[in-house]
Amino acid sequence: MKVRPILFITAILFLSGCADESDAQIDEFELSPSFAVSETDEREMVGVEGSVGLLFGDFAAGEPSKQMWHFWGDDLQNKLLTVKAFHQETDTEINPFVREEEHRLSGPNNGADYHLPSLLKLTEPGIWKMDIYLNEEYYDSIVVDVKE
């Protein structure tokens, strides 16, 4: 019968797909690198150079933190920023913005095309991945280590 080889091949493909997915999940929580704000500015951002960065990038668990978002790209003016934050160990998902208001990008700052000041709070220590959405469309992610 030819059904068994087809089932066997399907099972192998399914299992190999699951392995790739779990490997990708591990990579998702790799800390974002820091990069220079500019050649003449000694400050650093954390994030994805040329895409998105946080000027301060330091977080203490449960403490509100002033953070300046920076974005590079075309036609992002006034786009609505939303963020979903995920804790690596506990699978906790939160909205890290302290204030419940619309967060819209405005013009250039610190060499970026767009920026947005914000107040963020990550509730517990550990590795957090922040998925960034502009007008509800996935844009990029930043992964940070939150201290106690």
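What comes next is a walk through the structure. (Residues numbered from 1 in each chain as written. Predicted model: local features only at pLDDT ≥ 70, side-chain atom pairs only at ≥ 80, totals over all residues. Heavy atoms only, no water.)

So, on to the pattern of salt bridges. The final tally for this structure, using the stated rule, is 5 salt bridges. Taking the shortest distance from any N to any O, the salt bridge between Lys129 and Asp131 comes out at 2.6 Å. The residues Lys129 and Asp131 share a single accessibility class, namely buried. When salt bridges with common partners are traced through the structure, they connect Glu28, Lys129 and Asp131 into a single cluster. (Salt bridge = Lys/Arg side-chain N within 4 Å of Asp/Glu carboxyl O. Buried < 20%, exposed > 50% of the residue type's maximum accessible area, 1.4 Å probe, protein only.)

On to the sheet that holds strand β5 (residues 81–87). The 4 strands lie next to each other as β6-β5-β8-β9, forming an open sheet whose pairing is antiparallel. Unpaired on one side and paired on the other, β6 (93–94) and β9 (137–146) mark the two borders of the sheet. In terms of strand pairing, β5 meets β6 through 2 bridges, oriented antiparallel. Within β6, the position partnered with Ala85 by the bridge is Ile94. (Pairing = 2+ DSSP bridges. Helix = DSSP H or I, 4+ residues; strand = E, 2+ residues; numbered from the N terminus.)

In the structure shown here, the tally under the stated rule is 4 aromatic pairs. Connected via pairs of aromatic rings, a cluster forms that spans Trp69, Phe71 and Tyr139. Between Lys84 and the ring centre of Tyr133, over which it is positioned, the NZ or CZ distance is 5.2 Å. (Phe/Tyr/Trp six-rings, centres within 6.5 Å; stacked < 30°, edge-to-face > 60°. Lys NZ or Arg CZ within 6 Å of the ring centre and 35° of its normal.)

As a further point, take the nonpolar core. In this structure, Trp69, Phe71, Leu81, Met130 and Val144 are the most contacted members of the largest nonpolar core, which totals 24 residues. Put simply, the parts of the chain that give this core at least two residues each are β3 (52–54), β4 (65–71), β5, β7 (114–120), β8 (126–134) and β9. The biggest single contributor to this core is β8, with 4 residues. Setting aside residues no more than four positions away along its own chain, Val144 makes contact with Leu31, Val46, Gly57, Phe59, Leu122, Gly126, Ile127, Trp128 and Met130. (Core = buried A, V, L, I, M, F, W, Y, C linked by side-chain atoms within 4.5 Å. Contact = heavy atoms within 4.5 Å.)

Bringing the sheet that holds strand β1 (residues 34–36) into the picture now. Through backbone hydrogen bonds, the strands of a sheet pair up, either in parallel or in antiparallel fashion. Strand order in the open sheet formed by 5 strands is β1-β2-β3-β4-β7, with antiparallel pairing between adjacent strands. At either end of the open sheet lies a strand with only one pairing partner, and these are β1 and β7. Strand-to-strand twist in this sheet, taken as the mean axis angle between neighbours without regard to direction, amounts to 35°. Bridge analysis of β3 against β4 gives 3 bridges, and the strand direction is antiparallel. (Axes fitted to C-alpha atoms, helices over the stretch in contact; angles between N-to-C directions.)

A word on unusual backbone geometry. Although it is not a glycine, Asp75 adopts a positive phi angle of roughly 55°. Mapped onto the fold, Asp75 is located in the loop between β4 and β5. In the Ramachandran plot, Asp91 falls in the positive-phi region, its phi being about 60° despite a non-glycine side chain. By secondary structure assignment, the location of Asp91 is in the loop between β5 and β6. By relative accessible area, Asp91 is classed as exposed at 64%.

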